[in-house]
Amino acid sequence: NKGLGMFSPNVSEITILYFYNYQLPEKSVYQNALIDSITFKKTAFGEFDIAAAPSYLVPEHLKLDYGILYFKAISVTNDFIEIEVNKLTHQTAFVHKSSGVLKYWPAFLLTVNSIEFIHPKTQNIYVKPLNHAGIVKQSYNFMQPLKINQDWMYVLLLNDDFKTVGKGWIKWNNNGNLLITYSLLS
């Protein structure tokens, strides 16, 4: 399950990210069961680090020296976002919406540095966002997302020097499954 997208806590604005157990939509945030939290601290270099966290914490992406902390978002209500707090066991908890930013998949993928096909031998780059369109036969090293339209993504094809050598459309999503991997840093 790819979920809805990625949630990133506002570590520069909050010192504690609270986890709630069961979300009751009709109750206020204070009437739901607080089960755990992550405490953040500022390092000597002005960056943020985790001071205390539950032992089960395995976020989707954690690289705080680059300001990266993402949790997969599973569901959303008016006040809460259900996030995966352990990507290995798929354990979830609820966080208050005001504690961070939820980026749905299209918005999140447009912020990544590069993407790759999960099955490069069977996946194609097309000249139009249609399964029966012509196939782009250009060699490249990286794909960079530019635009997303439903299950299709318009990408730049880049060489080793990150120079554009082509462009085209790829299928990035199929029945709720990601057909690509992405890199946040390279």
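Residues numbered from 1 in each chain as written. Predicted model: local features only at pLDDT ≥ 70, side-chain atom pairs only at ≥ 80, totals over all residues. Heavy atoms only, no water.

Student: Would you explain the overall build of the protein in this entry?
Tutor: In terms of regular secondary structure, the protein is built from 1 helix and 16 strands. In terms of its C-alpha atoms, the protein occupies a principal-axis envelope of roughly 55 × 40 × 25 Å. Counting the 186 residues in the protein, one finds 40% classified as buried. Of all intrachain contacts in the protein linking residues separated by at least 6 positions in sequence, the fraction that spans at least 24 positions is 49%. (Helix = DSSP H or I, 4+ residues; strand = E, 2+ residues; numbered from the N terminus. Buried < 20%, exposed > 50% of the residue type's maximum accessible area, 1.4 Å probe, protein only. Contact = heavy atoms within 4.5 Å.)

Student: So what exactly am I meant to see when it comes to unusual backbone geometry here?
Tutor: Excluding glycine, most residues fall at negative phi; most peptide bonds, likewise, are trans. For Phe-162, which is not a glycine, the phi torsion comes out positive at approximately 60°. Tracing the chain through its elements places Phe-162 in the loop between strand S12 (152–158) and strand S13 (164–171). Given a relative accessible area of 48%, Phe-162 falls into the partly exposed group. Of note, the phi angle at Asn-175 is positive, near 50°, even though the residue is not glycine. Its place among the elements puts Asn-175 in the loop between strand S14 (173–174) and strand S15 (177–178).

Student: Is there a simple way to think about the pairing of strand S16 (residues 180–183) in this case?
Tutor: Side chains on a regular strand alternate between the two faces of the sheet. Side-chain alternation along S16 places Ile-180 and Tyr-182 on a buried face and Thr-181 and Ser-183 on a face that remains uncovered. Judged from the 4 bridges that link them, strand S10 (residues 114–117) and S16 form a sheet pairing that is antiparallel. Paired with Ser-114 across the strands is Ser-183, a residue of S16. (Pairing = 2+ DSSP bridges.)

Student: Explain the nonpolar core here, please?
Tutor: Note on soluble globular proteins: their nonpolar side chains tend to be buried together. Of all hydrophobic cores here, the largest spans 20 residues; its most connected members are Leu-109, Ile-115, Met-153 and Ile-170. Of all elements in the fold, only strand S6 (68–76), helix H1 (105–109), S10, strand S11 (142–149), S12 and S16 reach the threshold of two or more residues within this core. Look past the residues within four positions of Leu-109 in its chain and what remains in contact with it is Pro-145, Ile-148, Met-153, Trp-172, Ile-180 and Tyr-182. Counting residues in hydrophobic clusters, the runner-up holds 19 residues, among them Phe-7, Leu-57, Phe-71 and Ala-73. (Core = buried A, V, L, I, M, F, W, Y, C linked by side-chain atoms within 4.5 Å.)

Student: Explain the pattern of salt bridges to me, please; I cannot follow it from the model alone.
Tutor: Pairing between side chains of opposite charge can happen when the charged atoms of each approach one another. Considering all chains together, one arrives at 1 salt bridge under this definition. The salt bridge involving Lys-72 is made with Glu-84; its shortest N-O contact spans 4.0 Å. Of this pair, Lys-72 sits in strand S6 while Glu-84 is found in strand S7 (residues 80–86), placing the two residues 12 residues apart along the sequence. Judged by its relative accessible area of 4%, Glu-84 falls in the buried class. (Salt bridge = Lys/Arg side-chain N within 4 Å of Asp/Glu carboxyl O.)

Student: In this structure, what is going on with the side chain of Asn-86? I would like to understand it.
Tutor: Positionally, Asn-86 belongs in strand S7. With a relative accessible area of 6%, Asn-86 lands in the buried category. A distance of 2.8 Å separates the side chain of Asn-86 from the backbone nitrogen of Leu-88, its partner in a polar contact. (Polar contact = N/O pair within 3.5 Å; in protein donor to acceptor, adjacent residues only side chain to side chain.)

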